[in-house]
Amino acid sequence: MIFETLKPNFIKAKSNHLKFSIVAVMYNSKIALFYLTSLFIGIRCSGKAIEFRWIEQKLDHFHTDSRTFKMRYMVKEDYFKPNGTIFFFMGGEGTILSPTTNVSHIMLTKSYINDLAQRYGGYLIHSEHRYYGESKPTKYLNVKSLKYLTVPQAMADVAALIRFLKGNTTHFGESKVFLVGGSYSGSMVPWFAKLYPNLIDLGWGSSAPFQFKTELRAFYSKALKLVLQVGGKKCHHQIVDGLKSLKYALNKHNTSKLIEMNICGFDHTKNEYVINLFERLTKVVGTLVQYGNIKEGCKDISKSSFTLFLKKQLNGNSTKCYDSVSSFKSLRDVHYITDSARLWLYQSCDELGNFQTSEYIPLDFWFDMCLDVFGNKFSNCYIDRRVKDTDRNFEDMENRDSFRRVFLTQPELDAWTSTKVRKHKRTYFLKGATHCEDLQASSENDKPSIKVLKRDIDIEVQKLQHKAHKH
């Protein structure tokens, strides 16, 4: 039962003594009572182990501002024993409840942290990143509103939620916090440990980039090397030649391959449209690598052709043509929509960089897009400066005690390893593993490198449990 879908009428009464509110929700002529603290709304899903909850967060944690918003998170507490470890997964650039990937249910039911929580009586929680999903700090997504979409603000949200949990001393008085993230949110784990060392006892950043620079040309080079390594020479040749021949054909005003891929609404004489199309197509290759589908993808390519493979990836089974230009429209939409591309582009332009470039996608394409979508403030110099500021946050981490509490993983078959690897005693190179594969639930099919990682994490969690119950 998702809170927003009820569209209830509220009858609210406050208790002056207990600082609790009792809310009667009128829904289909029935009254349901919820006890609300001043900070969160907890909704129990009848018969389900997962619960949606909400916490009231400051819009701006760092300046005087009375405005607040409700941030969504999910919990699974059926394993929990008082003072058990809090297994906290930080949400990243997307909703925590996706109809296609069901992200939260995976992290709270089919993950290694779920295994650990079940084994040691832990508390599972997955927070939603501000601006994504249903955690909407502002009414619109214009540039003035998006200034609150920053990594420090998002980490301050997590810090506030941890403090709120720990404030319940009856249940969490001696509980230790194991903070976990994957990919983008994985990069936030050591950063969080640096800023809030007293709120994290153990961390795990899976498949996370720890180097931030404006241009990341090495990403697609690495992706193609992995295609060659895993998929073989023939597949690598088909992909490389397929992209080259398409570019050559468009330069000669030959659009037959576009027709074959069922791409419409496309003016091949406009350079920005051509580059945008190649950004879409190379992203298909990047996704193939990132999610461990190289062998399967190469098998499909060998059965038909790279062109038909791209058509299938872009359109699925739909008979409608693929409009590559429509992506520009969603980037300019200041309303909350299912597509979060505008949000992620803003974060990339304002803080994160790592713009993926290649012989088909120049850096100026991204610079122009930032300027066009978000305005004159986002000049090349501004973007360079902001990205350098972000990268500086990781410069001295190797020397910090809080950073030594964090496990970092670098999968072999992951193009994001083209960014800088932060080496310390808890950096694990996962041979044969793909992006975020180590977060999955334990299995007899786990790679040997992942088994070693999970064994070591288990040992550290046991230490946390021992410390908590010693008090």
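Right above here is the structure, for reference.
Presented here is an overview of the structure given in this document. (Residues numbered from 1 in each chain as written. Predicted model: local features only at pLDDT ≥ 70, side-chain atom pairs only at ≥ 80, totals over all residues. Heavy atoms only, no water.)

**Considering the overall build of the chain**
Going by this rule: A run of H or I in DSSP counts as a helix once it spans at least four residues, and a run of E counts as a strand once it spans at least two, with each numbered from the N terminus. Whether a residue is buried, partly exposed or exposed follows from its accessible area with a 1.4 Å probe, protein chains only, as a fraction of its type maximum: under 20%, in between, or over 50%, in that order. In this analysis, two residues are considered to be in contact whenever any of their non-hydrogen atoms come within 4.5 Å of each other. The accessible surface values rely on the Shrake-Rupley method and a 1.4 Å probe; as for residues, cover is taken only from the protein chains in view.
Assigned secondary structure in the chain consists of 18 helices and 16 strands. Relative to its 471 residues, the chain shows a buried fraction of 54%. Counted over contacts in the chain with a minimum sequence separation of 6, partners at least 24 positions apart contribute 68%. Summing over all exposed atoms, the chain offers an accessible surface of approximately 22500 Å²; the carbon and sulfur share of this is 51%.

**Some details on the nonpolar core**
Heads up, the rule is: Only buried Ala, Val, Leu, Ile, Met, Phe, Trp, Tyr and Cys residues count toward a nonpolar core, and they belong to the same one when joined by side-chain atoms within 4.5 Å.
In terms of nonpolar packing, the biggest core is built from 106 residues, with F88, I125 and F192 touching the most fellow members. Tallying contributions element by element places helix 11 (residues 271–290) first for this core, with 10 residues. Apart from residues lying up to four places away in sequence, F192 is in contact with M155, V158, A159, I162, L179, P197, L199 and I200.

**What to know about a positive patch on the surface**
What counts here: Here a patch means residues that are over 30% exposed by relative accessible area and free of salt bridges, tied together within 9 Å if like-charged and within 5 Å if nonpolar (Val, Leu, Ile, Met, Phe, Trp, Tyr). Each salt bridge in this description consists of a side-chain nitrogen of Lys or Arg and a carboxyl oxygen of Asp or Glu lying within 4 Å of one another. Positive charge is attributed to Lys and Arg, negative charge to Asp and Glu, and no charge count is given to His or to the chain ends. To locate a charge, the coordinates of NZ of Lys, CZ of Arg, CG of Asp or CD of Glu are taken.
Together, K144, K147, K377 and R385 make up a positively charged patch on the protein surface. Mapped onto the elements, R385 comes out in helix 17 (residues 380–392). Here R385 falls in the partly exposed class, since its relative accessible area comes to 45%.

**Here's the deal with the side chain of S358**
Structurally, S358 can be placed in the loop between strand 14 (355–356) and helix 16 (363–374). For S358, a relative accessible area of 13% translates into the label buried. Not counting residues within four places of it along the chain, the set of residues in contact with S358 comprises R217 and Y220.

**Some words on empty space enclosed by the protein**
Our working rule: Both site types are read off a 1 Å grid over the protein atoms alone. A 1.4 Å probe that fits but cannot get out defines a cavity, while an open set with protein on both sides within 12 Å along at least five of seven lines defines a pocket; lining residues have an atom within 4 Å of a point. Grid points are joined across faces, edges and corners, and a volume is the space filled by probe spheres set on the points.
As enumerated under the stated definition, the model contains 2 cavities of 30 Å³ or more in all. Quantified by volume, the largest cavity comes out at close to 60 Å³. The wall of the largest cavity is formed by M71, M90, G91, S127, E128, H129, R130, A154, M155, D157, V158 and M188. With 4 residues, helix 5 (residues 151–166) is the largest single contributor of residues to the lining of the largest cavity.

**What about the packing of helix 11 against helix 13 (residues 306–315)?**
We count it as follows: To define axes, lines are fitted to C-alpha atoms, for helices over the stretch in contact only, and angles between the resulting N-to-C directions are given on a 0 to 180 degree scale. The cut-offs work like this: below 35 degrees is roughly parallel, past 145 is roughly antiparallel, 65 to 115 is roughly perpendicular, and the gaps in between are oblique. The classification used treats Ala, Val, Leu, Ile, Met, Phe, Trp, Tyr, Cys and Pro as nonpolar, Asp, Glu, Lys and Arg as charged, and all other residues, Gly among them, as polar.
Two elements in contact, helix 11 and helix 13, have axes whose closest approach is 10 Å; the angle formed by their N-to-C orientations is 85°. Relative to helix 13, helix 11 is oriented roughly perpendicular. Note on element contacts: helix 13 touches helix 11 through F306, F309, L310, Q313 and L314, opposite L281, V284, V285 and L288. Among the residues making up the contact of helix 11 with helix 13, the classes are represented as 8 nonpolar, 1 polar and no charged.

**Overview of the state of the cysteines**
What counts is decided by this rule: Only a pair of cysteine sulfur atoms within 2.5 Å counts as a disulfide in this structure description.
Under the definition given, this model contains 3 disulfides. Here C264 is linked by a disulfide to C321, with a sulfur-sulfur distance of 1.9 Å. Handedness here is read from the sign of the S-S torsion; for C264 and C321, about 70°, the answer is right-handed. Taken together, the residues span a long stretch of sequence, with C264 in strand 12 (residues 263–264) and C321 in the loop between helix 13 and strand 13 (322–323) at a distance of 57 residues. On the accessibility criterion, C264 (24% relative accessible area) is partly exposed. What makes C321 partly exposed here is its relative accessible area of 34%. Each sulfur in the disulfide pair C349 and C370 lies 2.0 Å from the other. The sign of the S-S torsion, about -80°, decides the handedness of the disulfide formed by C349 and C370: left-handed. With C349 in helix 15 (residues 341–352) and C370 in helix 16, this pair connects stretches of sequence that are 21 residues apart. You can call C349 buried: its relative accessible area is 0%. According to the relative accessible area criterion, C370 is buried, its value standing at 0%. Cysteines bonded in the chain are numbered consecutively along the chain; their disulfide partners then correspond to 1-3, 2-4, 5-6.

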